[in-house]
2 protein chains.
Amino acid sequence: MACTALIHKMDAISDLRADDVVRLRQLCLNVTRTTRFCDIISQGDRPLAVHLIIDGWAARYTILPDGQRQITAFLMPGDFCDLHIPILREMDHGIMALTKCAYACVDLDSLQDLTTDNPGLAVALSRLTLIDEAILRQWIVNVGRRDAGQAIAHLFCELKARADMAGISHGPSMPLPLTQEVLADATGITPVHANRTIQALRHQGMIRLESGRLTILDRDRLQQLGGFDASYLHLKAAPIKAAMGRAGITASDASRVASQS
Amino acid sequence: MACTALIHKMDAISDLRADDVVRLRQLCLNVTRTTRFCDIISQGDRPLAVHLIIDGWAARYTILPDGQRQITAFLMPGDFCDLHIPILREMDHGIMALTKCAYACVDLDSLQDLTTDNPGLAVALSRLTLIDEAILRQWIVNVGRRDAGQAIAHLFCELKARADMAGISHGPSMPLPLTQEVLADATGITPVHANRTIQALRHQGMIRLESGRLTILDRDRLQQLGGFDASYLHLKAAPIKAAMGRAGITASDASRVASQS
DNA sequence: CGACACATTGACATTCATCAACTTGGGTGG
DNA sequence: CCACCCAAGTTGATGAATGTCAATGTGTCG
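Residues numbered from 1 in each chain as written. Chains lettered and ligands numbered in written order. Predicted model: local features only at pLDDT ≥ 70, side-chain atom pairs only at ≥ 80, totals over all residues. Heavy atoms only, no water.

K.L.:
Help me out: how do you make sense of the interface of chain B and chain A in this one?
P.N.:
Quoted interface sizes are often the accessible area lost when the parts come together. Across the contact, 44 residues belong to chain B and 43 residues belong to chain A. Interface of chain B and chain A: buried area, both sides summed, is about 4,000 Å²; carbon and sulfur atoms make up 62% of it. Contact with chain A buries surface across chain B, with Arg137, Ile140 and Arg145 of chain B losing the most and accounting together for 21% of the total. Remark: the boundary between chain B and chain A carries 4 salt bridges. (Contact = heavy atoms within 4.5 Å. Buried area = accessible area lost by both parts, 1.4 Å probe. Salt bridge = Lys/Arg side-chain N within 4 Å of Asp/Glu carboxyl O.)

K.L.:
What is the right way to look at unusual backbone geometry in this model?
P.N.:
Most peptide bonds adopt trans geometry, and most residues besides glycine take a negative phi value. Residues and elements named next belong to chain B. In the Ramachandran plot, His84 falls in the positive-phi region, its phi being about 75° despite a non-glycine side chain. Along the chain, His84 turns up in the loop between β5 (69–75) and β6 (94–97). In this structure, Ser211 is a non-glycine residue whose phi angle is positive, near 40°. Looking at where Ser211 falls in the secondary structure, it is placed in the loop between β9 (207–210) and β10 (213–216). Classification of Ser211 as exposed rests on a relative accessible area of 76%. (Helix = DSSP H or I, 4+ residues; strand = E, 2+ residues; numbered from the N terminus. Buried < 20%, exposed > 50% of the residue type's maximum accessible area, 1.4 Å probe, protein only.)

K.L.:
I keep staring at the packing of aromatic side chains and nothing clicks. Help me out?
P.N.:
Residues and elements named next belong to chain B. Overall, the coordinates contain 4 aromatic pairs over all chains when judged by the stated rule. Seen in terms of ring centroids, Phe74 and Trp139 are 5.6 Å apart; in terms of plane orientation they differ by 65°. Their pairing is edge-to-face. Residue Phe74 is located in strand β5, and its partner Trp139 is located in helix α4 (residues 119–145); the two are separated by 65 residues in the primary sequence. Neither Phe74 nor Trp139 differs from the other in exposure class; each is buried. On the numbers, 6.0 Å between centres and 80° between planes, the contact of Phe228 with Tyr232 is edge-to-face. Residue classification places Phe228 among the buried positions, given a relative accessible area of 10%. (Phe/Tyr/Trp six-rings, centres within 6.5 Å; stacked < 30°, edge-to-face > 60°.)

K.L.:
Quick question: what am I supposed to make of empty space enclosed by the protein here?
P.N.:
Any empty space left between atoms is shown by rolling a water-sized probe over those atoms. Counted according to the given criterion, the structure contains 6 cavities of 30 Å³ or more. Approximately 340 Å³ is the volume found for the largest cavity. Arg60, Leu75, Phe80, Leu128 and Asp132 of chain B are, among the 25 residues lining the largest cavity, the residues nearest its centre. Contributing elements (two or more residues each) for the lining of the largest cavity: α4 (119–145) of chain A together with β5, α4 and α5 (148–166) of chain B. (1 Å grid on protein atoms, 1.4 Å probe; cavity = no way out; pocket = protein on both sides within 12 Å on 5 of 7 lines; lining within 4 Å. Points joined across faces, edges and corners; volume = space filled by probe spheres on them.)

K.L.:
Is there a simple way to explain the protein's contact with DNA strand C in this structure?
P.N.:
Within the structure, DNA strand C sits among 16 residues, and Arg36, Gln180, Asn195, Arg196 and Gln199 of chain B are positioned closest to it. Near the protein, meaning within 4 Å, the atoms of DNA strand C are sugar or phosphate in a fraction of 68%, with bases accounting for the rest. Within the side chain of His193 of chain A, an N or O atom sits 3.3 Å from a phosphate oxygen of DNA strand C. Contact between DNA strand C and Arg202 of chain B: a phosphate oxygen at 3.1 Å from a side-chain N or O atom of the residue. Broken down by secondary-structure element, the contributors of at least two residues to the surface near DNA strand C are α7 (191–203) of chain A together with α7 (191–203) of chain B. Residues that form the surface near DNA strand C fall into these classes: 4 nonpolar, 7 polar and 5 charged. (Near = heavy atom within 4 Å. Polar contact = N/O pair within 3.5 Å; in protein donor to acceptor, adjacent residues only side chain to side chain. Nonpolar A, V, L, I, M, F, W, Y, C, P; charged D, E, K, R; others polar.)

K.L.:
Would you mind showing me how to read the protein's contact with DNA strand D here?
P.N.:
Close to DNA strand D lie 16 residues; Arg36, Gln180, Asn195, Arg196 and Gln199 of chain A are nearest. For DNA strand D, the backbone portion of the atoms within 4 Å of the protein, that is sugar and phosphate, comes to 68%. Between Thr190 of chain B and DNA strand D, the recorded distance is 3.0 Å, taken from a side-chain N or O atom to a phosphate oxygen. The separation between a phosphate oxygen of DNA strand D and a polar side-chain atom of His193 of chain B is 3.3 Å. For the surface near DNA strand D, the leading source of residues is α7 of chain A, giving 5 residues. Here the surface near DNA strand D is composed, by residue class, of 4 nonpolar, 7 polar and 5 charged.

K.L.:
Would you explain the sheet that holds strand β7 (residues 101–107) of chain B in this entry?
P.N.:
Across a sheet, strands are paired by hydrogen bonds formed along the backbone, either parallel or antiparallel in direction. Residue and element names in this part refer to chain B. Strand order in the open sheet formed by 3 strands is β1-β7-β3, and the pairing between neighbours is antiparallel. Sheet topology places β1 (31–34) and β3 (49–55) at the edges, where each strand pairs with a single neighbour. Across the sheet, the mean angle from the axis of one strand to that of its neighbour is 35°, orientation sign disregarded. (Pairing = 2+ DSSP bridges. Axes fitted to C-alpha atoms, helices over the stretch in contact; angles between N-to-C directions.)

K.L.:
Any chance you could explain the relation of the copies chain B and chain A here in plain terms?
P.N.:
Both copies of the chain are related by one operation, a rotation about an axis with a shift along it. Relative to chain A, chain B is turned by 180° and slid 0.0 Å along the rotation axis, the superposed coordinates differing by an RMSD of 0.0 Å. Taken together, the rotation and translation relating the two chain copies correspond to the operation of a two-fold axis. If distances are taken from each C-alpha of chain B to the rotation axis, the shortest is found for Ile140 of chain B, at 2.5 Å. Residue by residue, 98% of the interface of chain B is reproduced at the interface of chain A, so both copies engage with the same surface. (Least-squares fit on C-alpha atoms with pLDDT ≥ 70 in both.)

K.L.:
It is not clear to me how the pairing of strand β9 (residues 207–210) of chain A should be interpreted in this structure. Could you clarify?
P.N.:
Along any regular strand the residues' side chains alternate between the sheet's two faces. Residue and element names in this part refer to chain A. Along β9, the buried face is formed by Ile207 and Leu209; none of Arg208 and Glu210, which line the opposite face, is buried. As judged from the 4 bridges shared by β9 and strand β10 (residues 213–216), these two strands associate in the antiparallel manner. Bridging across to β10, Leu209 finds its partner in Leu214. Hairpin connection from β9 to β10: 2 residues lie between these consecutive antiparallel strands, with Ser211 at a positive phi of about 40°.

Spatial relationships are all this shows, so hold off on functional conclusions.
Below, the structure written as structure tokens:
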């Protein structure tokens, strides 16, 4: 089903009931497809519907007067482009497909009905917006206070964590169909410098990045370099699960571990 | 009354009714005071109440493993520290007073009651969160793609616009009790470089900045340097009002102007 | 009068941008 | 099927923006 990524992600941050899943699936009925580099929503658009990425990647971006571009968010399957934006009057930035994309258009009325009928889902959707906000803060840290290597490392850690949430990872590997120019526009550097930075990460054996896939070869070292701490993604008990996985301990052990830290 | 700034700001972004104003005033009953450099909320705190700045300035900040600080938002009177954060589990960043501060603690139940009774206010409060998000995106652009002079210029334009919204400006002048070190941590540069950058703006006659006050001497030039466009603040018809003020035209003229652009 | 925080200045180091060339790989038309 | 083409990646040389270090001013407060 088309909404898999959204449901996977929602389940990672809140407790979904069976009927919640049914309601979420109904969001994905009206699917549109677009080609690469095509605006899904343009700056200044008045929102008539909410858009949900089903397949492919997109980016929020702003163009400066001198023509430079800054990407302020990457959108992968399961991400909303403009959830809650109807509360404002118009888009203050654009959203562009970075690959061929499929996205659902959810009309405002049916979204309104859903949140009215199901306050629990309304809260879960608000949580998505707040997590987006936390991600934005981390991006400010990335471009403001981390050098190129740290910023790329942190970005890759974040994208991997989000890909895991969306269920589009395969073990340590995930699709990452982004050019170095796009990665540069996200981290506030130039494509040339992005190239050199990525090569350094490769040579240090931390990642593999080729033919549209990213593989994390040394997660601990990459996270340490980027200063990555997943707590800002507000996953449901994820740190404990992760600790369990690494230590090979049981859930009851984990609760003790958590209360000690 | 203590809530003046909030009401002024809410009125700038949505249509407040008389009873809305009454309800908002009731938020400011439980006021706390704190000294400079004191955390209002710390990273990891579980939200028990929502905090609203009444007087003084504060900042959202993140400390990196190597001790560097990145400020991700400035909070002035009328700004909420953690509106809607209760939807998440804990603060993923801290908020520190940059001056002596007075802030209201609004307990979650009374906020809940208010939004239940008054859906219009609930929407207006959600709008605040979305505007915060838009500001975060602009900060990413600031640190990512603007040089130091452009970034400081844009920041000053934003702060002035927000001070106008909060009603704490006096003509072209506003309180700005921030050290150069703080401004540097917000724009991703060093204090030394912030000093030189600010001096350049002064020597070019764009601003005056002394004894805790910022005066915009040449708004047009400052806005052009920073590439500032206030639309991301989603003010209620502000561009038209501003155009009226400058051109000395009437409201009916303004609507024609607006439809032409 | 210190003591202190903050602002300012100068000299030098580093990161990153810029410019320009070249390589590589996948697609496409003859 | 091959030749070409183009986007994307890679490399090297050089310059500009910014960081770092260290010293000196300047105003406020006790």
